[in-house]
Amino acid sequence: MRYISLVFCLLTLLPAAAQAEAPCNAENTACIMEELDTLIPSINETSWKDKAYRELAKSYTAEGMEDKALALVSKVENPDTKAMTIRGIGFAAADAKWPEKERYSALFKALAEQAAKIEHPPSQGIAWTYIAMAQAFADDDKGATITARAMSNEALRHKAFGENAEIQAERGDVAASMASIGEIDSEAFRNKAYRTVSKILMNKGNIDGAYESARAITNPYARAQALQYIIGGEPKNSSDKK
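Residues numbered from 1 in each chain as written. Predicted model: local features only at pLDDT ≥ 70, side-chain atom pairs only at ≥ 80, totals over all residues. Heavy atoms only, no water.

**Looking at helix 9 (residues 154-170)**
Piece 1. Taking 1.5 Å of rise per residue, 17 residues should cover 24 Å, and helix 9 covers 24 Å from first to last C-alpha, within 8% of that figure.
Piece 2. Summarising burial for helix 9: 12 of the 17 residues are buried, a large majority.
Piece 3. Within the sequence span of helix 9, burial applies to Leu156, Arg157, His158, Ala160, Phe161, Gly162, Glu163, Asn164, Ala165, Ile167, Gln168 and Ala169.
Piece 4. Contacts made by the buried residues of helix 9 are with helix 7 (121-137), helix 8 (141-149), helix 10 (174-182) and helix 11 (187-203).
Piece 5. Backbone nitrogen of alanine 155 and a side-chain oxygen of the N-cap are separated by 3.1 Å at the start of helix 9; the cap is asparagine 153.
Piece 6. Count one or two residues on from helix 9 and you reach glycine 172, which has phi positive near 85°. (Helix = DSSP H or I, 4+ residues; strand = E, 2+ residues; numbered from the N terminus. Expected span 1.5 Å × (residues − 1). Buried < 20%, exposed > 50% of the residue type's maximum accessible area, 1.4 Å probe, protein only. Contact = heavy atoms within 4.5 Å. Polar contact = N/O pair within 3.5 Å; in protein donor to acceptor, adjacent residues only side chain to side chain.)

**Things to note about the packing of aromatic side chains**
Piece 1. One pass over the full model with this rule turns up three aromatic pairs.
Piece 2. A network of ring pairs unites the aromatic residues Trp98, Tyr104 and Phe108 as a single cluster.
Piece 3. The side chain of arginine 87 reaches across the aromatic face of tyrosine 130, ending 5.4 Å from its centre.
Piece 4. Taking NZ or CZ as reference, arginine 103 lies 3.9 Å from the ring centre of tryptophan 98, over its face. (Phe/Tyr/Trp six-rings, centres within 6.5 Å; stacked < 30°, edge-to-face > 60°. Lys NZ or Arg CZ within 6 Å of the ring centre and 35° of its normal.)

Keep in mind that these numbers describe shape and distance, not what the molecule does.
This is how it looks when you write it as structure tokens:
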């Protein structure tokens, strides 16, 4: 009787066990991501585990499962990789072109909360920069400005506004790009941003925008280089490309 009872118990458990170990349909992305989510904790090397979580977070976001992606951020141990995970989620969301602005607002707020938990100041600053850039990519210029303004590290704040300006120039929004550069306190950083944006706009065929940005440069030599690019491309002498 004891033997029969044991066999019965095993037969009862087998379907559940088989179901748990059943492979995914190769076209079922969600199933494979769940398999990854279960597999990653068994990775012994912390840096490899962190990178695996980072990539999975990007995939979750791309598939519209940002809540699952956000849940992975706290599992990443290295602060730099955590910042890169925040970047990956933000950029994947921007690439997804969600129609709901509220969805982006909720995501960026959640990413900001995750960035605030990073105890390593340089990594935290980089995370804030990535959030601002992702907001600019998602056409949330107001949010990008607010995020960049809140950054305490001056150099990273300037970098964030410069990156935002480049993103805005790439999409052809000259006014937004000029507004972002105007937020930069440092004249040297501001001139560099104007020159970079001028080149971006020129490469896109927006000559008027390129000229407007070039003329905003206060350093005479840097302005001359930007204007020269408009009329004839890069200087022939490689030593002048500085």
